[in-house]
Each structure stands twice: as structure tokens, then as C-alpha cells.
Amino acid sequence: MTFRAKHLLGIEHLAPDEITTLLDLADQYVDLNRRDVKHSDTLAGLTQINMFFENSTRTQASFEIAGKRLGADVMNMAMQASSVKKGETLIDTALTLNAMHPDLLVVRHPHSGAVDLLAQKVNCAVLNAGDGRHEHPTQALLDALTIRRAKGRLHRLSIAICGDIAHSRVARSNILLLGKMENRVRLIGPPTLMPSGMEEFGVEVFEDMREGLKDVDVVMMLRLQKERMDGGFIPSEREYYHRYGLDPEKLSYAKSDAIIMHPGPMNRGVEIDGVLADDINRSVIQEQVEMGVAVRMAAMELLVRTRREAAQEQGVMV
Ligand code: CP
């Protein structure tokens with residue numbers, strides 16, 4: 001096994017062999033998750049706390065399901081009903097929970113870097129479930145597993161990431177992961193939603209959707225993140241759809257077997273045509289959701305294993 005990370009804070013910190021180890025284990029969990037009985041006792045006796053300071057459907061549900069299928073005791077903190085509402089800080093909240101000896105903390109937070117900071121204050125493994133515009137590592141890993149299963153490989157593919165790059169932690173984590181695995185990444189979007197200097201990450205930048213989609217293997221659409229916009233980034237949603245919404249005509253520029261991805265939640269008719277999103281011959285959006293559970297099971301197992309091995313080396317009983 002090749003996995004050395006003690007936390008999963010970002011793709012930035014993972015080496016290609018660690019990514020492959022995690023995806024290989026996740027493949028095994030896909031098989032388990034398709035059985036009638038989906039239980040394993042890998043995390044039996046361990047405590048997992050999920051702290052979501054931002055809304056979530058897919059990530060929170062799949063981390064909860066992942067922990068329960070591995071036998072952990074899982075608690076979802078209701079952040080809206082917590083003492084955070086009385087002014088308690090993130091760090092004080094984390095230290096309070098840390099005193100209850102959790103083994104895994106899953107954290108989503110609106111501020112970039114907040115999860116890294118928290119990881120420095122607690123004794124357990126921390127998993128970043130999305131921090132501001134920074135990273136969403138398990139999303140990139142589940143996207144990678146979906147691509148690898150659909151295309152039979154995760155290298156030398158041409159992958160277009162389209163839309164609101166500027167506000168997207170999904171884009172950032174995917175750019176890092178796909179680059180580490182030696183793929184060709186193209187970013188497509190209007191200049192207002194494209195951070196400057198992206199070429200430094202080894203990607204190609206396109207303003208024209210048709211030019212950018214030419215002959216790609218994978219089309220990854222991004223949600224227009226209206227909640228992170230404080231100005232006029234687009235003329236109108238109608239105009240945005242006309243220029244950057246994925247429809248059959250624009251998709252025809254990609255390879256004929258190109259797959260369509262979207263991390264969700266989708267704005268149908270804004271960044272993607274609803275019929276295309278549901279086209280089971282092209283869209284792998286539901287597979288992405290399925291892979292999310294398996295990837296999160298694999299991530300939690302590997303973090304626990306790393307910590308157990310480190311403790312054994314130090315002669316500590318765990
Ligand atoms: N893709 C994603 O992070 O979705 P949620 O916000 O529903 O968790």
C-alpha cells in the first residue's frame with residue numbers, strides 16, 4: 001500500500017501513487033456498495049464527526065453513508081443549532097469536539113484554509129469536504145475514479161473543465177489531480193470567470209467553447225456559483241447559456257464518445273441542457289455520485305491505516 005497522508009486536506013499534498021492507491025481501494029468499495037449487504041467493520045469502534053458549515057447534499061450524505069458502511073459511529077453536527085450561532089469560533093468548536101476523542105473529522109467551511117487550520121489543532125484525521133474556493137479533494141478523487149472507469153485509464157486524456165473556474169474549488173482540485181496524472185487539461189470560460197495566470201498550472205485556456213471542446217475525451221461542466229458572486233460576472237443567465245451552456249451542438253465538437261460530467265448541484269438550462277445531463281449514453285453524473293461513496297470509504301480507511309501504522313511504529317497502542 002502506498003499512502004502516507006495523515007489528513008486529506010487537498011490534492012496538492014497527494015502524490016500520484018497515493019492517488020492510485022486510493023482509487024484502487026475505492027474500486028473494491030464500488031463492488032461492496034453494489035451488494036445487498038454493504039457492511040464492513042473496517043472502522044468499527046471509531047467515531048466520525050461531520051461538520052458542515054455550508055450546505056451540502058452529495059458530500060454530507062455520502063460521507064455519512066461511507067462511515068456507516070465501514071462500521072464507524074457517525075455524528076452529523078447540526079451547525080445551525082450549535083454554539084457557533086452564539087459566537088463560538090471554529091477553533092474552539094474543533095477543540096471542544098477534539099476533547100471527545102473523535103477519530104475522523106469531516107469539515108466543509110466557506111473560508112479557504114479553514115480546514116487546514118483546524119487540522120493543526122486536533123489529534124485526529126481531518127478530511128476537507130470543501131473549503132471556500134480552495135479545494136474539494138474528495139470531489140476530484142471521485143471524478144478521477146469515474147473517468148478511469150469510463151475511459152479505462154487516467155492518463156493522456158484531453159479533459160475540458162468549463163464555466164465558473166474563478167469560484168470553483170472543484171476546478172482547482174481537478175486541475176491539480178488531472179495534471180499530476182499526466183492529462184491534458186483545458187479550461188473554458190468567460191474572462192470574468194477565469195482567474196489570470198492559470199497557464200502556470202500547465203493548462204490551456206479558451207474563451208470560445210467550441211474551440212476548447214474540440215476533440216476532448218471528457219467534458220466537465222461547473223456550476224455557476226451565484227452565492228460567491230458579488231458583482232456582474234455575466235450579462236444574464238440566458239446569454240451565459242447561449243455562449244457557455246453545454247448543449248448538443250457545442251458537445252458535437254468533442255470526441256463522439258466524450259463523457260459529460262458535473263459535480264452537482266446543477267443549474268439546468270444555465271450551464272447544461274437538462275436532456276444532455278440525463279442522457280445515460282453520454283452523462284456520467286449519476287456515476288459520479290455513486291463513486292463519491294466509494295472514494296470517501298477508501299479515503300477514511302487509508303487515513304486510519306496510516307495513523308495506526310504510525311502509532312505502531314512509535315509503540316503506541318491504538
Ligand atoms: N458536489 C458537491 O460538493 O455537492 P454538494 O454541495 O451537494 O455536497
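Residues numbered from 1 in each chain as written. Predicted model: local features only at pLDDT ≥ 70, side-chain atom pairs only at ≥ 80, totals over all residues. Heavy atoms only, no water.

Peer 1: Tell me about the site of the ligand, and please be specific about residues and values.
Peer 2: Contacts to the ligand come from Ser56, Thr57, Arg58, Thr59, Arg108, His136, Gln139, Pro263 and Gly264. Note that an oxygen atom of the ligand is positioned 2.8 Å from one of the backbone N or O atoms of Thr57. Residue composition of the shell around the ligand, by class: 1 nonpolar, 6 polar and 2 charged. For the shell around the ligand, the domains that each give at least three residues are domain 1 (5-134 + 287-306) and domain 2 (135-283). (Near = heavy atom within 4 Å. Polar contact = N/O pair within 3.5 Å; in protein donor to acceptor, adjacent residues only side chain to side chain. Nonpolar A, V, L, I, M, F, W, Y, C, P; charged D, E, K, R; others polar. Domains from an automatic or database assignment.)

Peer 1: Let's hear about the sheet that holds strand E6 (residues 184-188): which residues, and what values?
Peer 2: The strand order E7-E6-E5-E8-E9 describes an open sheet built from 5 strands, whose pairing is parallel. Strands with a single pairing partner mark the edges of an open sheet, and in this sheet they are strand E7 (204-206) and strand E9 (259-261). Within the sheet, the average angular offset between the axes of one strand and its neighbour, ignoring direction, is 20°. Packing of helix H5 (residues 137-151) onto the sheet brings it into contact with strand E5 (158-162), strand E8 (218-221) and E9, and relative to E9 it is tilted by some 165°. (Pairing = 2+ DSSP bridges. Helix = DSSP H or I, 4+ residues; strand = E, 2+ residues; numbered from the N terminus. Axes fitted to C-alpha atoms, helices over the stretch in contact; angles between N-to-C directions. Contact = heavy atoms within 4.5 Å.)

Peer 1: Can you lay out the environment of Gln28 for me, pointing to particular residues and giving the numbers?
Peer 2: Along the chain, Gln28 turns up in helix H1 (residues 16-33). Owing to a relative accessible area of 54%, Gln28 belongs among the exposed residues under this scheme. Gln28 sits 267 residues away from Val295 along the chain, and the two C-alpha atoms are 9.9 Å apart. (Buried < 20%, exposed > 50% of the residue type's maximum accessible area, 1.4 Å probe, protein only.)

Peer 1: So, the environment of Ile280: which residues are in play, and what are the values?
Peer 2: You can see Ile280 is positioned in the loop between helix H10 (274-277) and helix H11 (285-313). Expressed as a C-alpha distance, the spacing of Ile280 and Ile260, which sit 20 residues apart in the sequence, is 9.8 Å.

Peer 1: Got a sec to walk through the pattern of salt bridges? Specific residues and values, please.
Peer 2: Counting across every chain of the model gives 17 salt bridges. In this structure, the salt-bridge partner of Asp27 is Arg148, at a minimum N-O distance of 2.9 Å. Taken as a pair, Asp27 in helix H1 and Arg148 in helix H5 lie far apart in primary sequence, 121 residues in all. For Glu54, the salt bridge is made with Arg169, and the minimal N-O distance between the two is 2.9 Å. Pair noted here: Glu54 is in the loop between strand E1 (47-52) and helix H2 (58-69) and Arg169 is in helix H6 (residues 169-180), with a separation of 115 residues, a long-range link. Ionic contacts of the salt-bridge type, sharing partners, join the residues Asp24, Asp27, Arg148 and Arg149 into one network. (Salt bridge = Lys/Arg side-chain N within 4 Å of Asp/Glu carboxyl O.)

Peer 1: Outline the pairing of E8, listing residues and values.
Peer 2: Where burial is concerned, the two faces of E8 agree: the one with Val218 and Met220 and the one with Val219 and Met221 are both buried. Where E5 and E8 come together, 4 bridges link them in parallel fashion. Along E8, the bridge assignment pairs Cys162 with Met221. Relative to E9, E8 is paired through 3 bridges, and the arrangement is parallel. Within the sheet, the bridge partner assigned to Met220 lies in E9 and is Met261.

Peer 1: Before we move on, can you summarise the UniProt feature "binding site: L-aspartate" (unreviewed entry) in the protein chain with the specific residues and values?
Peer 2: UniProt marks Lys86, Arg169 and Arg223 with the feature "binding site: L-aspartate" (unreviewed entry), using the numbering shown here. A maximum C-alpha distance of 32.2 Å shows the annotated residues, which cover 138 residues in sequence, to be distributed over more than one spot. Along the polypeptide, Lys86 turns up in the loop between strand E2 (73-77) and helix H3 (90-98). The class for Lys86 is exposed, based on a relative accessible area of 74%. Ignoring sequence-local partners within four residues, the contact set of Arg169 consists of Glu54, Arg108, His109, Gly130, Asp131, Gly132, Arg133, His134, Glu135, His136 and Arg228. (UniProt positions renumbered as here; feature names shortened; annotations may be inferred.)

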